[in-house]
Amino acid sequence: SSPLNYIARANQLPFLEKLVANSDCVITHAVEDELLRGASRYAQLYQVSAQKWIRVVDDSSIAFLQLFSEYHTRLGGGDHNIGESATLAYAELHGLTACIDDRAARRHGQERGVPLTGTLELVCRGIRANVVEEVEAVRVVDLLRDHEAFLPCDGSTFLDWAGAEGLLS
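Remember, it's a predicted structure, so these values are computed and weren't measured experimentally.

*Asks:* Report on the packing of helix α3 (residues 29–38) against helix α6 (residues 82–94), specifying residues and quantitative values.
*Replies:* One can describe the packing of α3 onto α6 by two numbers: an axis separation of 8 Å at closest approach and a directional angle of 155 degrees. Comparing their axes, α6 and α3 come out roughly antiparallel. Crossing angle aside, the handedness with which α3 passes α6 is left-handed. Only Ile-82, Gly-83, Ala-86 and Thr-87 of α6 make contact with α3, whose side of the interface consists of Ala-30, Val-31 and Glu-34. Class assignment of the residues belonging to the contact of α3 with α6 gives a composition of four nonpolar, two polar and one charged.

*Asks:* For the side chain of Glu-32, give the residues involved together with the corresponding values.
*Replies:* The topology assignment puts Glu-32 in helix α3. This buried residue, Glu-32, is left without a salt bridge; Arg-37 holds the nearest opposite charge, at 10 Å. In contact with Glu-32, other than residues within four places in its own chain, are Ile-27, Ser-49 and Val-56.

*Asks:* Break down the nonpolar core for me, citing the residues and quoting the values.
*Replies:* Among the nonpolar cores identified, the biggest contains 36 residues, and Leu-4, Leu-16, Leu-19, Val-48, Leu-144 and Phe-158 are the most heavily contacted of them. Going through the elements one at a time, α1 (2–9), α2 (13–19), β1 (25–28), α3, α8 (119–128), α9 (134–146) and α10 (155–164) are the ones with two or more residues in this core. Counting residues per element, this core draws most heavily on α8, at five residues. Beyond its immediate sequence surroundings of up to four residues, Leu-19 is in contact with Leu-122, Val-123, Arg-125, Gly-126, Val-131 and Val-132. Within the second largest apolar cluster, 16 residues are counted, among which are Val-57, Tyr-90, Ala-91 and Ala-98.

Reading guide: rules and limits
Each chain has its residues counted from 1, following the order in which its sequence is written. Local features are withheld for residues below a pLDDT of 70 in this predicted model, meaning they are given only at 70 or higher, and side-chain atom pairs are given and counted only at 80 or more; totals for whole chains, interfaces and linings count all residues. The basis for the side-chain values is all heavy atoms of the structure; hydrogens and waters are excluded. Structural elements are reduced to axes, namely lines fitted to C-alpha atoms, with helices fitted over the stretch in contact, and the angle between N-to-C directions of any two is expressed from 0 to 180 degrees. Think of it this way: any DSSP run of H or I at least four residues long counts as a helix, any run of E at least two long counts as a strand, and we number them from the N terminus. An angle below 35 degrees is treated as roughly parallel, one above 145 as roughly antiparallel, one from 65 to 115 as roughly perpendicular, and anything else as oblique. Each crossing is labelled by how the near helix is turned from the far one, with a counterclockwise turn of less than a right angle marking it left-handed and a clockwise turn marking it right-handed. Pairs of residues are marked as contacts when any of their non-hydrogen atoms sit within 4.5 Å. By the convention adopted, Pro, Cys, Tyr, Trp, Phe, Met, Ile, Leu, Val and Ala count as nonpolar, Lys, Arg, Asp and Glu as charged, and the other residues, Gly among them, as polar. Think of it in three bands: with a 1.4 Å probe and only protein chains considered, a residue is buried below 20% of the maximum accessible area for its type, exposed above 50%, and partly exposed in between. Residues scored as charged are limited to Lys and Arg (positive) and Asp and Glu (negative), so that His and the chain ends carry no count. We define a salt bridge as a contact between a side-chain nitrogen of Lys or Arg and a carboxyl oxygen of Asp or Glu at a distance within 4 Å. Think of a nonpolar core as a cluster: buried Ala, Val, Leu, Ile, Met, Phe, Trp, Tyr and Cys residues, connected wherever their side-chain atoms sit within 4.5 Å.

Structural data, given as structure tokens:
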């Protein structure tokens, strides 16, 4: 839920919609629940469920539950990483790309061959596709950091970071 959490809190859902246009965007009920629980503190999170381009999915199959359990156990169990575990399990089961920023969750997804992207990777994809301008991307990166997103750069260093990571070519 972290990519959507920070994007919604920064009032940048229209920006995200541009980045994922022509994609089928789904979130699991677990992610929706995490966002709605956080909405008592950050009212902007209520806006995620109102987006027509985001579809909430549910999978209660044994295969999904088994994958969820495996991810959740590997990510520490308990009340943490439920959204990441559900996202990775759903993506693996249905052959989708998971948008995950959490390092441990990404590592486990990569080990299992789940296609992954992250918030900054989506922004770079938008720049490469001429969907967003670099100046807008830099502004959004700063907004995300202002709303407590854990990112490897701020707006002033974003383009250098993205170039060094090979995400702009």
